[in-house]
Amino acid sequence: MIDWLNYNGFTVVTKTAKEFDDGEGRRKFKRSIRVELAVDALEIANQVDNIMLFSGDGDFCSLLEAVQRQGVHVTVISSLRSKPPMIADELRRQADTFIELDDLKAAIGRALNTVPPRAASIG
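Residues numbered from 1 in each chain as written. Predicted model: local features only at pLDDT ≥ 70, side-chain atom pairs only at ≥ 80, totals over all residues. Heavy atoms only, no water.

Residues and numbers for the layout of surface pockets, please.
Of the voids in this model, the largest pocket is the one considered here, and its volume is about 1,400 Å³. As for the largest pocket, its lining consists of 37 residues, and the residues nearest its centre are Phe 10, Thr 11, Met 52, Leu 53 and Phe 54. The dominant element in the lining of the largest pocket, judged by the number of residues it contributes, is helix α2 (residues 34-44), at six residues. (1 Å grid on protein atoms, 1.4 Å probe; cavity = no way out; pocket = protein on both sides within 12 Å on 5 of 7 lines; lining within 4 Å. Points joined across faces, edges and corners; volume = space filled by probe spheres on them. Helix = DSSP H or I, 4+ residues; strand = E, 2+ residues; numbered from the N terminus.)

Outline the nonpolar core, listing residues and values.
Judged by nonpolar contacts, the single largest core of 16 residues is most densely connected at Phe 60, Leu 64, Val 67, Val 72, Val 74, Val 76 and Leu 91. Of all the secondary structure elements, the ones that give two or more residues to this core are β3 (50-54), α3 (61-69) and β4 (73-78). The element that contributes the greatest number of residues to this core is α3, accounting for four residues. Residues contacting Phe 60, with those up to four places away along its chain left out, are Arg 34, Leu 37, Leu 53, Ser 55 and Leu 91. (Core = buried A, V, L, I, M, F, W, Y, C linked by side-chain atoms within 4.5 Å. Buried < 20%, exposed > 50% of the residue type's maximum accessible area, 1.4 Å probe, protein only. Contact = heavy atoms within 4.5 Å.)

Report on the sheet that holds strand β5 (residues 97-100), specifying residues and quantitative values.
Taken in spatial order, the three strands line up as β3-β4-β5 in an open sheet, and their pairing is parallel. Among the strands making up the open sheet, the edge pair consists of β3 and β5. When the angles between neighbouring strand axes are averaged without regard to direction, this sheet yields 20°. Where α3 meets the sheet, its contacts fall on β3 and β4, and the angle it forms with β4 comes to roughly 150°. (Pairing = 2+ DSSP bridges. Axes fitted to C-alpha atoms, helices over the stretch in contact; angles between N-to-C directions.)

Could you give me a rundown of the pairing of β4, with the residues and numbers involved?
Each regular strand displays side chains that alternate between the two surfaces of the sheet. The element β4 is extensively covered by neighbouring structure, given that five of its six residues are classed as buried. Direction of pairing for β3 relative to β4: parallel, over a ladder of five bridges. Bridging from a neighbouring strand, Met 52 pairs with Thr 75 of β4. Here β4 runs beside β5; their pairing, made up of four bridges, is parallel. If you follow Ile 77 over to β5, its bridge partner there is Ile 99. Regarding the hand of the β-α-β motif, the stretch spanning β4, helix α4 (residues 89-94) and β5 is right-handed. (Right-handed = clockwise from strand over helix to strand, strands pointing away.)

What follows is the structure, encoded as structure tokens:
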């Protein structure tokens, strides 16, 4: 997926997860790329017309406001249909356009193989 996005002109930002001990001997992983996304969005806002954000995190509302003040149209892709909803109401309302992730399933999803594979016969 990342290769396809890069090949098709998308900028893909990744970050290595940090591993830590939760204090009770269990290994946990922490990964957050919010700051990097916000900085990148603010840096490119004067060079783009549209930004698409795949997130439901309400912490992005102030970022949306900032880039919208610069004339950028912001589309947020997330889900209201999941239980619980994956998008904060304030983020959905701040976006210029909201796209329900479930509505994209037909266009970008793969059909599940409902027929089990046949066993190979040897002989």
